[in-house]
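Each chain, written out:
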Amino acid sequence: MVKNIRKTKPAERFLFHFPALQVIGGSVTVVQGGTAILPCHVIDTNDDLTQITWQRRTREKPHNDNFLTILPREGVQFVNGGDDRFKYIGNFNNKNGTLQLSNVALKDEGSYTCIFTLFPSGNQKTEILLIVIGPPFTNIKDNLPTLGKEEVLFATCTAAGSKPPAEVRWLTDALGDKVRTTTNSTQYDNDTTTTVSSLFGVPTSEINGHQVQCVISSDAMSKEETLPFSIQIYFPPTEVNIRAISENSFECVTEANPSANFTWNLPSLQSAVKVDRAKLQLLSLTSDLNGLYQCEASNAYGSKHGQIYVHVASGTCSAAWASFAVFLFLNVIGAAAWWFFKSGYFQRCVEQ
Ligand SMILES: *[C@@H]1O[C@H](CO)[C@@H](O)[C@H](O)[C@H]1NC(C)=O
């Protein structure tokens, strides 16, 4: 005697077997905000269909409630208030109760049951699981570290509101143990998870400008996301130097992050002087220009200045080197160092 052994294939999990009658449903995964099709139809029956009823069970309403009925003549009727995101896309005559749900929200996740009221066989039903996934909102926030010797937070990389949870990690290979990371996750009542990974290190000038990446992956994302980040250590302008760029023009130089803005303070209202950001140009060489020219370098973290003393004296060419001098002095804490400025400048004659 041979027994009829039936192997259940995975695809048959949602099929309810009755003699010659099947209600076909399924399980549906949709991205938040997208459109889900809740498939349901009955096949292999010649029974009369009198009504299709949809029930649902969600996190908010954990009991199976009727929420929609479909009748042959009246059509679709909502039981407890309408929701125009639902659209009946089946066909009553074909015993098809399929619904479309647009703009799916996380709270729509749950179990949807479709019930066919048939005569004479009675009620036949199937359950459809609606799974709603949500990709995370991602960002990197720079904690704006300033130069120092103690470990500080450089930046945080966040994957917010992910369902299922996202994985967040930093790629910092080139920096070895100069940095360390920590990761924390918070799961909310609505089943979303926010994951934050923090990057720490000692804010030295060597680490300034290094590139790292934050990599975010989640089953709710079609591919992982890589956010580049340049570690910036911020500091006010360091020592301000003034250098000659030609015979009659100077440039104010400093190091700062972010780059410094420069302002020149002139000894008097000068039309014979041209100022362009860090650059100062003396357009004529007359004693009107004499005086102290101060360059101020500043950014959000502080300011510092350097100055140059211009002295143009009338005289003959032979005496020019002595009578025409430009002194530079730099403000060093406590003492002003005077620099006698030697360059091709002195070979020029100023005849008045
Ligand atoms: C989930 O809950 C968190 C915390 O209350 C909230 O910030 C977030 O917007 C919620 N997400 C959705 C999709 O409702």
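Residues numbered from 1 in each chain as written. Predicted model: local features only at pLDDT ≥ 70, side-chain atom pairs only at ≥ 80, totals over all residues. Heavy atoms only, no water.

Looking at an unreviewed UniProt entry, the protein chain carries the name Ig-like domain-containing protein, with the source organism given as Astatotilapia calliptera. Per its UniProt entry, the protein chain bears the Sequence similarities (unreviewed entry) comment "Belongs to the nectin family." Under the UniProt heading Subcellular location (unreviewed entry), the entry covering the protein chain gives this text: "Membrane". (UniProt positions renumbered as here; feature names shortened; annotations may be inferred.)

Student: Residue-level account of the side chain of T69, with values.
Tutor: Within the secondary structure, T69 is located in strand 7 (residues 65-71). Of the residues examined, T69 reaches a relative accessible area of 13% and is grouped as buried. Look past the residues within four positions of T69 in its chain and what remains in contact with it is Q51, I52, T53, G75, V76, Q77 and V79. (Helix = DSSP H or I, 4+ residues; strand = E, 2+ residues; numbered from the N terminus. Buried < 20%, exposed > 50% of the residue type's maximum accessible area, 1.4 Å probe, protein only. Contact = heavy atoms within 4.5 Å.)

Student: Before we move on, can you summarise the pattern of salt bridges with the specific residues and values?
Tutor: Counted by the stated rule, this structure contains ten salt bridges. Among the ionic pairs, R57 bridges to E127, the shortest N-O distance being 3.8 Å. Remark: E127 occurs in strand 12 (residues 122-133) and R57 occurs in strand 6 (residues 48-58); sequence separation between them is 70 residues. R57 sits in the partly exposed class, given a relative accessible area of 32%. Given the relative accessible area of 32%, E127 is considered partly exposed. When the shortest N-O distance is used, the salt bridge between R180 and E151 registers 2.8 Å. In this pair, R180 sits in strand 16 (residues 179-187) while E151 sits in the loop between strand 13 (137-142) and strand 14 (152-162), placing the two residues 29 residues apart along the sequence. R180 gets classed as partly exposed once you look at its relative accessible area, which sits at 39%. (Salt bridge = Lys/Arg side-chain N within 4 Å of Asp/Glu carboxyl O.)

Student: Mind laying out the state of the cysteines, listing which residues take part and the relevant values?
Tutor: Summed over the entire model, instances satisfying the criterion amount to three disulfides. Covalently, C40 is tied to C114 through a disulfide, its sulfur atoms 1.7 Å apart. Between C40 and C114, the S-S torsion sits near -55°, and that sign places the bridge as left-handed. Of this pair, C40 sits in the loop between strand 4 (36-38) and strand 5 (41-43) while C114 sits in strand 11 (residues 110-119), placing them 74 residues apart in sequence. This pair shows no difference in class: C40 is buried, exactly as C114 is. A disulfide bridge connects C157 with C214, and the sulfur atoms are separated by 1.9 Å. One quick way to see it: the torsion about the S-S bond of C157 and C214 is about -85°, and its sign makes the bridge left-handed. With C157 in strand 14 and C214 in strand 18 (residues 211-217), the pair connects residues that are 57 residues apart, well separated along the chain. Of the two residues, C157 and C214, both sit in the buried class. (Disulfide = S-S within 2.5 Å.)

Student: Break down the site of the ligand for me, citing the residues and quoting the values.
Tutor: Every residue near the ligand is listed here: Q32, L106, Y188, N190 and T192. At 2.4 Å, a side-chain N or O of N190 approaches an oxygen atom of the ligand. Against a free-state accessible area of 360 Å², the protein chains account for coverage of 40% of the ligand. Classifying every residue of the shell around the ligand by side-chain character gives two nonpolar, three polar and no charged. (Near = heavy atom within 4 Å. Polar contact = N/O pair within 3.5 Å; in protein donor to acceptor, adjacent residues only side chain to side chain. Areas by Shrake-Rupley, 256 points an atom, 1.4 Å probe, with all protein chains shown as cover. Nonpolar A, V, L, I, M, F, W, Y, C, P; charged D, E, K, R; others polar.)

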